[in-house]
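Summary of structural features
Below are the chains, spelled out letter by letter.
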Amino acid sequence: MKKLHSRCFWAPRLIISFFLLMNLSGCGEKIVPQKDQKPNVIFIIADDLNDAVSPLGGHPQALTPNIDRLIKSGMCFTNAHSNNPLCGPSRASMCSGLYPHTSGYFGGLSYDYRQNPTLKDSKTFIEHFRDNGYKVYGTGKVLHHHHQDPALWDNFDGENGFGIQPSFGPYAWNGVDENETGHRIPHPGLPKELYENSQVGNYADVTVASLGNVPEYKPDPANGIPGYKGWRLYKKPFRYVNDDDRDLMPDELSANWAVKLLQKEHKKPFFISVGFMRPHVPHIAPQKYFDKFPIDSIQIATILENDTADCAKILVRDFNYGAGNLDGIENYMAAVKAGGFDAGLKRWTQAYLACVNFVDDQLGKILDTLENSKYAENTIIVFTSDHGYHMGEKSWLYKNTLWEESTKVPFVWSGPGIRNGVKTDHPTSLIDIYPTLNDLCGLPANPNENTNQVPLDGSSLKQILQKSETKDFQGPDFALTWVASKTGTVKNAGDVSNAEDHHATIRDKRFRYILCINGEEELYDHQNDPFEWHNLADNSEFQNVKNEMKNKLIGFTRQ
């Protein structure tokens, strides 16, 4: 699979006439024309979306027509990265505008980010917009699904301002356990090789199946299993006859909820957050999306044999990760066992592409509605992902690494005053979303001034979004990403740990540098090695580059 290592995203620009609406009684509140208000914001985040979208070069077979048109109309950042490539810590950092090394929340131990001493008194960008005159609404997985907070959202017309609860379902069910989170049971159609002599603990997460492959567990009284045929979602039966006669999946429900919200009259500027669950595992989507990617024609990633031989031992042999310790290699081995190396990875890739295409359709519903609404001319769109995802590179099927496939995210901005049809390889990351939105919407730059007084870590991208020059950008010339180590993982909820106890990487326009807690290093030259196949850390020709990047990393994070 050819990797061009570029991500972009788009947004619509339509000129719509605006008019004043008055209450029929003649004494109602006047709706302010959108052009005279602060801009609205629609923030859309997919889960585990890497560069497998057609304009970004990540996979040549990807079908993403709605993302394509968004990219063509938006300001694209082709070198954007997650600050912690794991769902919970990534979203906590992004929504708070604070780096993991500022808050001490690196992930590893799964506890609510609000238990962190710094984050509990830090305003999310949702709260900041709400406190500054915006109506804020959300649906799906915005914060980590364990950390959703109903108090963040406004009500609308007497209805809860949060739409659809996050769920990775529908799930297979055997009649015993209906837990919507944590370890679910796998689809009974999974190859038995996954169960025999396998180290995979969560078989549900290696489920790749269309909705048409309706699961059926036979009764097993000897083991206390009542049995069940069909899917389950939100602890209820999920009806499926065919793709045209079935219940809707969570992402479809979220998209429809957002569409309904955009069709309403809004007297104040709005901030709508939409969190899509896919393409996160389990890779389940309607049958028609699988049909678009015939298994025999699937192209798998370009994988170098023994690719990790020159990587840091602590990362690839000791697996010193604070969370997802072995998930990447276990998922990889499970996929390989499911029919052999090539066939197993084809099966996984097919399902991933199907889920990406499924999310693209949901995005399209929102974009279509916005383009045909009175809000089109005055709405900022941000589209991104919480992190990337390996598709077999470095024998890894997961996120939570410091390599390109895991850290890099799609990143696009669109709206009033933002250049369109432009790409930049200027390094940036999710930490820059919060200060950029503040700048574009005229909100106070220090949301924590009256709480813990911790300033935002990111830098506003407004200069880059609206002008062609990047020389006046005030932020760093690199993107920073952390991965929690097993060594530095805290023991109790609410505890914090230090920067030097976790692995980190910085990525500038050309190089990636990795520093592990035991001093091991990796250095990659993306100009000549876009797959990160050749570690140059011990190459004498690159010692000056390595030392310079090491000094930047340490100086920036350990002040």
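You'll find the structure just up there.
Anyway, here's the lowdown on the structure attached to this text. (Residues numbered from 1 in each chain as written. Predicted model: local features only at pLDDT ≥ 70, side-chain atom pairs only at ≥ 80, totals over all residues. Heavy atoms only, no water.)

With that settled, consider the overall build of the protein. In terms of helices and strands, the protein carries 13 helices and 21 strands. Relative to its 559 residues, the protein shows a buried fraction of 61%. Taking all contacts inside the protein whose residues are at least 6 apart in sequence as the whole, residues at least 24 apart take part in 74%. (Helix = DSSP H or I, 4+ residues; strand = E, 2+ residues; numbered from the N terminus. Buried < 20%, exposed > 50% of the residue type's maximum accessible area, 1.4 Å probe, protein only. Contact = heavy atoms within 4.5 Å.)

Below, the discussion takes up helix α1 (residues 65–73). For α1, the complete set of buried residues consists of N66, I67, D68, L70 and I71. Close packing links the buried residues of α1 with β2 (75–77), α9 (341–371), β14 (379–385) and β15 (411–414).

The subject of this paragraph is α9. An ideal rise of 1.5 Å per residue puts 45 Å on 31 residues; α9 measures up with 44 Å between its terminal C-alpha atoms. Where burial is concerned, most of α9 is hidden: 24 out of the 31 residues are buried. (Expected span 1.5 Å × (residues − 1).)

Applying the stated criterion across every chain, the model contains 20 aromatic pairs. Centre to centre, the rings of Y289 and F358 are 5.5 Å apart; their planes meet at 80°, and the pair counts as edge-to-face. Remark: F358 occurs in helix α9 and Y289 occurs in helix α6 (residues 287–291); sequence separation between them is 69 residues. The buried category is assigned to Y289, whose relative accessible area is 2%. On the basis of an interplanar angle of 45° and a centroid distance of 5.7 Å, the ring pair of Y321 and W396 is categorised as tilted. Residue Y321 is located in the loop between α7 (313–316) and α8 (327–337), and its partner W396 is located in the loop between β14 and α10 (404–407); the two are separated by 75 residues in the primary sequence. (Phe/Tyr/Trp six-rings, centres within 6.5 Å; stacked < 30°, edge-to-face > 60°.)

So, on to the pattern of salt bridges. Following the criterion strictly, the structure yields 25 salt bridges and no others. The closest approach of N and O atoms between D525 and R510, which form a salt bridge, is 2.8 Å. Here D525, found in strand β21 (residues 521–525), pairs with R510, found in the loop between β19 (503–507) and β20 (511–515); they are 15 residues apart in sequence, far enough to count as distant. By relative accessible area, which is 2% here, D525 ends up buried. Taken together, the shared-partner salt bridges in this structure form one network comprising E404, K408, R507, R512 and E532. (Salt bridge = Lys/Arg side-chain N within 4 Å of Asp/Glu carboxyl O.)

Turning to the pairing of strand β18 (residues 479–483), a few remarks are in order. Looking down a regular strand, the side chains alternate between one sheet face and the other. Most of β18 is tucked away, with 5 of its 5 residues classed as buried. Neither face of β18 is exposed, since A479, T481 and V483 on one face and L480 and W482 on the opposite face are all buried.

Let's shift gears to the sheet that holds β2. Read across the sheet, 7 strands follow the order β4-β12-β1-β14-β15-β2-β16 without closing on themselves; strand pairing throughout is mixed. What marks the edges here is a single partner per strand, and that holds for β4 (135–140) and β16 (422–424). Neighbour-to-neighbour, the strand axes of the sheet open up by a mean angle of 15°, direction not taken into account. Of the pairings in the sheet, the one linking β2 to β16 comprises 3 bridges and is parallel in character. Looking at the pairing, M75 lines up with V422 of β16. (Pairing = 2+ DSSP bridges. Axes fitted to C-alpha atoms, helices over the stretch in contact; angles between N-to-C directions.)

Moving on, we come to the layout of surface pockets. Approximately 210 Å³ is the volume found for the second largest pocket. Going through the elements one at a time, α7 and α8 are the ones with two or more residues in the lining of the second largest pocket. Here the lining of the second largest pocket is composed, by residue class, of 10 nonpolar, 3 polar and 3 charged. (1 Å grid on protein atoms, 1.4 Å probe; cavity = no way out; pocket = protein on both sides within 12 Å on 5 of 7 lines; lining within 4 Å. Points joined across faces, edges and corners; volume = space filled by probe spheres on them. Nonpolar A, V, L, I, M, F, W, Y, C, P; charged D, E, K, R; others polar.)

A separate point is the side chain of H101. Within the fold, H101 resides in helix α3 (residues 100–103). Side-chain polar atoms of H101 contact the side chain of W482, separated by 3.3 Å. For H101, the residues in contact, after removing those within four places along its chain, are F106, L480, W482, A499, F556 and T557. (Polar contact = N/O pair within 3.5 Å; in protein donor to acceptor, adjacent residues only side chain to side chain.)

A word on the sheet that holds β21. Overall, antiparallel pairing links the 4 strands, which are arranged β18-β19-β20-β21 in an open sheet. Edge strands, defined here as strands with exactly one partner in the open sheet, are β18 and β21. Neighbour to neighbour, the strand axes of the sheet diverge by 15° on average, direction disregarded. Of the strand pairs in this sheet, β20 and β21 are connected by 5 bridges, and their pairing is antiparallel.

Direction vectors running N to C along α8 and α9 enclose 110°, while the axes themselves pass 6 Å from each other. Classified by the angle their axes make, α8 and α9 are roughly perpendicular. Crossing of α8 against α9: the hand is right-handed. Taken together, the residues of α9 that come into contact with α8 (itself represented by N331, Y332, A335 and V336) are F341, G344, L345 and W348. In the contact of α8 with α9, the residues fall into 6 nonpolar, 2 polar and no charged. (Parallel < 35°, antiparallel > 145°, perpendicular 65-115°, else oblique. Left-handed = near helix turned anticlockwise from the far one by under 90°.)

Once that is clear, we can look at the environment of I464. Structurally, I464 is set in helix α12 (residues 462–466). The contacts of I464, once residues within four sequence positions are left out, are M75, F77, R419, T424, H426, E469, T470 and F473.

Turning our eyes to something else, we now look at the nonpolar core. Of all hydrophobic cores here, the largest spans 80 residues; its most connected members are I44, L315, W348 and F383. Per element, the largest residue contribution to this core is 14 residues, and it comes from α9. In terms of nonpolar packing, the next biggest core, distinct from the first, is built from 45 residues, M94, Y111, L143 and C441 among them. (Core = buried A, V, L, I, M, F, W, Y, C linked by side-chain atoms within 4.5 Å.)

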